[in-house]
Amino acid sequence: MHEMSIAMSIIDIALSEAEKAGAQTIDEIEVEVGQLAAVMLESLRFCLEAAAKGTLTETATFTLINIPGHGHCLACQRDVAITEFPAQCDVCQGFGVSITAGTELKIRSISINGDNNGREE
Ligand SMILES: [Zn+2]
């Protein structure tokens, strides 16, 4: 279940960022998950919530942003949507496709609520 190790590293990063910023709480953690990253969104969400227990991230909202897969076909020079591997161009059916999006698995933003953070709703 590799979602759990991914979740734990996301929590680790969020905690060290929060610590650097002197945050008291973390409001929201946005994570970009590419369609081609081989991660189940619901499984990752479950693991994030489990990994967050007992830490500063426990009350955070996890927003998972699905990034659609895209590639550039080297044969016909078109940008095409890629939904699975092996990446195949849906125009010329070629397999010479360079992936340009969809393999992301990273934190986009962390909304923290620190002492010197005057953000109010
Ligand atoms: Zn093509």
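Residues numbered from 1 in each chain as written. Predicted model: local features only at pLDDT ≥ 70, side-chain atom pairs only at ≥ 80, totals over all residues.

(A) Representation of the overall build of the chain within the structure. When its secondary structure is counted, the chain shows 2 helices and 6 strands. Here the C-alpha atoms of the chain give a radius of gyration of 18 Å, more than 25% beyond the 14 Å that 2.2 N^0.38 yields for 121 residues. Dimensions of the chain, computed from C-alpha atoms along their principal axes, come out at roughly 55 × 30 × 20 Å. Pairs at least 24 residues apart make up 69% of the contacts formed inside the chain by residues separated by at least 6 positions. (Helix = DSSP H or I, 4+ residues; strand = E, 2+ residues; numbered from the N terminus. Rg over C-alpha atoms; globule rule 2.2 N^0.38 Å. Contact = placed C-beta atoms within 7 Å.)

(B) How the structure looks around the environment of Gln93. Tracing the sequence through the fold places Gln93 in the loop between β4 (79–81) and β5 (97–101). By the C-beta count within 10 Å, which is 10 here, Gln93 ends up exposed. Along the sequence, Gln93 and Pro68 sit 25 residues apart, while their C-alpha atoms lie 19 Å from each other. (Buried ≥ 20, exposed ≤ 12 C-beta atoms within 10 Å, placed from the backbone.)

(C) Summary view of the nonpolar core. Within the largest apolar cluster, 19 residues are counted, with the highest numbers of intra-cluster contacts made by Ala7, Ile10, Ile11, Ala14, Ile26 and Leu48. Going through the elements one at a time, α1 (2–20), β1 (23–34), α2 (41–52) and β6 (105–114) are the ones with two or more residues in this core. At 6 residues, α1 tops the list of elements feeding residues into this core. The next biggest cluster of nonpolar side chains, apart from the first, holds 6 residues, and it includes Leu36, Cys73, Ile82 and Ala87. (Core = buried A, V, L, I, M, F, W, Y, C linked by C-beta atoms within 7 Å.)

(D) Representation of the sheet that holds β4. The antiparallel open sheet is built from 3 strands, whose spatial order is β4-β3-β5. Bordering the open sheet on either side are β4 and β5, each of which pairs with just one other strand. Strand-to-strand, the axes of this sheet are offset by a mean angle of 35°, without reference to chain direction. Sheet topology note: the strand β3 (residues 70–73)/β4 ladder contains 3 bridges and is antiparallel. Paired with Gly71 across the two strands is Val80, which belongs to β4. (Pairing = 2+ DSSP bridges. Axes fitted to C-alpha atoms, helices over the stretch in contact; angles between N-to-C directions.)

(E) Region of the structure containing unusual backbone geometry. Note the cis peptide between Phe85 and Pro86, where omega equals 0°. Relative to the helices and strands, Pro86 is located in the loop between β4 and β5. Backbone geometry places Ala38, a non-glycine residue, at a positive phi of 60°. Note on placement: Ala38 falls in the loop between β1 and α2. By the C-beta count within 10 Å, which is 13 here, Ala38 ends up partly exposed.

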